[in-house]
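# A look at the structure
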Amino acid sequence: MDCQIYGVLFLLTLASALQENPTAKPSNSTAQINSNSVLVALLDSHYTELSELVEKALLLQTLEEAVAKHNITIFAPRNEALERELDPEFKRFLLEPGNLKSLQNLLLFHMIPARIESNHWPDKPLHHTTLCREKIPLNGDKTVSTAKLIKSDDIIRPDGVIHGIERLLIPKSVQQDFNARRSLRTTSAVLPEGAPEVDPRTHRLKKPAPPVPAGGAPALPIFDAMAPGPSLAPAPAPGPGGPHHHFDGESQVKDFIQTLLHYGGYNELADILVNLTSLATEMGRLVSEGYVLTVLAPNDEAMAKLTTDQLSEPGAPEQIMYYHLIPEYQTEESMYNSVRRFGKVNYDTLRLPHKVAAEEADGSVKFGRGEGSAYLFDPDIYTDGRISVQGIDGVLFPAEESTAAPKAAPAAKIVSRPRRDVDQLLKQAETHSRLACKVKLFYGLGKLLEVTCKMLGAVGQDAHFSSCH
């Protein structure tokens with residue numbers, strides 16, 4: 001009954017389309033469709049299971065175009081073959097929305113773009129190409145592949161013929177899709193758990209982290225997932241991926257570095273990430289474990305202003321780059337909306353405990369403060385949902401380092417004096433020189449008297465000058 005309704009609705013839709021535009025020339029796909037078509041007969045036939053699958057597979061338009069070009073032959077499985085004898089798991093696979101292409105190929109495998117009636121059946125095996133472009137053999141014993149004809153010439157129409165067969169025909173492509181549906185995770189054995197591990201930082205047993213759903217945020221903060229510094233222990237060798245294997249961080253980091261190179265103007269940053277440091281490897285490991293990153297990428301013009309002293313110290317390139325990595329996923333729109341709403345925003349960086357400040361300036365986002373600030377220059381160079389790269393026109397440094405730079409001593413100022421002041425200074429200098437000469441003279445006379453008294457005392461005690469006062 002449902003198939004009769006489908007056939008009536010199909011004819012009504014076609015009639016209304018012609019009434020809306022009677023002067024328009026009908027297309028080839030609808031010119032040959034009428035009530036006596038093999039498609040209408042299929043929808044109105046006792047092959048209800050097949051007709052329902054055709055409706056669910058959205059194949060009416062494709063079959064209309066095929067019938068408009070040539071006759072077709074349909075091999076229709078009986079209802080019992082589709083309803084009871086078909087594997088329930090295979091039927092569930094076909095009806096899943098993501099497997100629509102497999103369902104379409106399965107149904108088109110039962111249709112040949114040629115008219116083959118029982119009196120024209122080949123005596124020898126003959127392969128015909130179906131509407132899904134896979135070949136199907138017609139054998140001389142009235143069999144189609146491995147299915148027997150149970151009702152030859154069951155429905156005959158001017159544009160095609162329908163034969164009834166005993167079972168469903170499955171092409172190799174659909175069988176391969178069905179076999180590959182299982183993931184390795186469901187069929188693999190459960191790995192045994194190892195011995196408990198000791199955390200080298202706290203010297204306590206590591207507690208297993210709670211299970212994280214696919215695509216969820218990691219249980220630990222990103223700072224605990226980073227490789228330890230040289231003061232603790234050498235960084236561990238990078239593994240093939242995170243423990244959950246949800247993301248391929250290595251490929252994503254390669255993609256954004258290649259994007260920087262193709263974008264142009266960021267070759268120095270790419271060279272530091274790949275050749276001078278191991279930051280590219282560490283970023284890939286973090287992304288594989290589920291973390292997100294925003295890279296504030298200084299362009300080549302800004303990197304050229306770095307001095308040799310700033311890059312020569314051990315670990316200096318890493319520390320500079322860590323200050324440009326934000327453990328959040330930010331785009332130009334999200335950062336601009338934040339600074340527009342809150343005025344000034346401080347973003348955490350991978351260089352603890354320093355934060356990078358952001359504020360709105362000239363319709364854009366400005367990072368840092370004072371002379372060491374940088375503007376958002378090339379927004380959204382790379383955004384894939386896990387890594388965001390934002391180009392800036394300067395190299396950022398923490399506020400403590402920018403203020404601790406030694407300041408040059410101010411130059412001595414030469415104050416010009418009027419002529420009157422110069423004359424007074426000269427007179428004062430002359431007066432001081434005269435006084436100094438008098439002091440020296442009196443000092444010399446005092447010494448002379450002291451020596452004379454000592455000589456007279458040595459000559460005799462009866463002299464008039466017995467003492468000097």
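One structure accompanies this document, and this report is about it. (Residues numbered from 1 in each chain as written. Predicted model: local features only at pLDDT ≥ 70, side-chain atom pairs only at ≥ 80, totals over all residues. Heavy atoms only, no water.)

## What to know about helix α18 (residues 332-342)
Every buried residue belonging to α18 is among Met 335, Ser 338 and Val 339, and all of these are buried. Within α18, the buried residues cover an arc of 90° as seen down the axis, which keeps them to one side. Opposite the packed face of α18, turned more than 90 degrees from it, sit the exposed residues Glu 333, Arg 340 and Arg 341. Along its buried surface, α18 packs onto β12 (344-348), β13 (355-361), β14 (364-367) and β16 (387-392). Gly 343, located one to two residues past α18, shows a positive phi value of around 85°. (Buried < 20%, exposed > 50% of the residue type's maximum accessible area, 1.4 Å probe, protein only. Helix = DSSP H or I, 4+ residues; strand = E, 2+ residues; numbered from the N terminus. Arc of directions from axis to C-beta. Contact = heavy atoms within 4.5 Å.)

## Details of the sheet that holds β16
The strands making up a sheet associate through backbone hydrogen bonding, with each pair oriented either parallel or antiparallel. Taken in spatial order, the seven strands make up an open sheet running β11-β10-β16-β15-β14-β13-β12, and their pairing is mixed. Two strands in the sheet have a free side with no partner beyond their single neighbour: β11 (325-326) and β12. Here five bridges tie β12 to β13, and the two strands are oriented antiparallel to one another. Its bridge partner lying in β13, Asn 346 is registered against Ala 357. In the packing of α18 onto the sheet, the strands contacted are β12, β13, β14, β15 (374-383) and β16, and the crossing angle to β12 comes to about 135°. (Pairing = 2+ DSSP bridges. Axes fitted to C-alpha atoms, helices over the stretch in contact; angles between N-to-C directions.)

## What about the pairing of β15?
Put simply, side chains in a regular strand alternate between the two faces of the sheet. Where β14 meets β15, two bridges bridge the pair, whose relative direction is antiparallel. Looking across to β15, one finds that Lys 366 is bridged to Tyr 375. Linking β14 to β15, which pair antiparallel, is a turn of six residues; within it Gly 368 sits at a positive phi near 85°. Judged from the four bridges that link them, β15 and β16 form a sheet pairing that is antiparallel. Among the inter-strand pairings, Leu 376 is bridged to a residue of β16, identified as Ile 392. Count of turn residues in the β15/β16 antiparallel hairpin: three residues, of which Gly 385 carries a positive phi of about 95°.

## Things to note about the pattern of salt bridges
Pairing is possible between side chains that carry opposite charge, provided their charged atoms lie close to one another. One pass over the full model with this rule turns up eight salt bridges. Between Asp 348 and Lys 355 there is a salt bridge whose closest N-O contact spans 3.5 Å. When its relative accessible area of 30% is taken as the criterion, Asp 348 is described as partly exposed. For Lys 355, a relative accessible area of 47% translates into the label partly exposed. (Salt bridge = Lys/Arg side-chain N within 4 Å of Asp/Glu carboxyl O.)

## Concerning the environment of Gln 390
Following the sequence through the fold, Gln 390 ends up in strand β16. Taking the C-alpha atoms as reference, Gln 390 lies 7.5 Å from Glu 332; in sequence the two are 58 residues apart.

## So, the nonpolar core
If you look at the biggest cluster of nonpolar residues, it comprises 44 residues, and the most contacted ones within it are Leu 50, Ile 74, Phe 90, Leu 107, Val 144 and Ile 162. Not counting residues up to four positions away in its chain, the partners in contact with Ile 74 are Val 38, Leu 42, Leu 50, His 110, Met 111, Val 161, Ile 162 and His 163. With 33 residues, the next largest nonpolar core counts Tyr 266, Leu 273, Leu 279 and Ile 381 among its residues. (Core = buried A, V, L, I, M, F, W, Y, C linked by side-chain atoms within 4.5 Å.)

## So, the environment of Leu 95
Take Leu 95: it is sitting in helix α7 (residues 88-95). Overall, Leu 95 belongs to the partly exposed group, its relative accessible area being 38%. Here the alpha-carbon distance between Leu 95 and Lys 56, two residues 39 residues apart in the chain, equals 8.3 Å. Apart from the residues lying within four places of it in its own chain, the contact partners of Leu 95 are Leu 53 and Lys 56.

## A few points about the packing of aromatic side chains
Per the counting criterion, the structure on display carries six aromatic pairs. For the pair Phe 256 and Tyr 382, a centre-to-centre distance of 6.1 Å together with 45° between the ring planes defines the contact as tilted. One end of the pair, Phe 256, is in helix α12 (residues 249-263); the other, Tyr 382, is in strand β15, and 126 residues separate them in sequence. The rings of Phe 90, Phe 93 and Phe 178 are connected pair by pair, giving a single aromatic cluster. (Phe/Tyr/Trp six-rings, centres within 6.5 Å; stacked < 30°, edge-to-face > 60°.)

Fair warning: the whole summary comes from geometry, so function is off the table for now.
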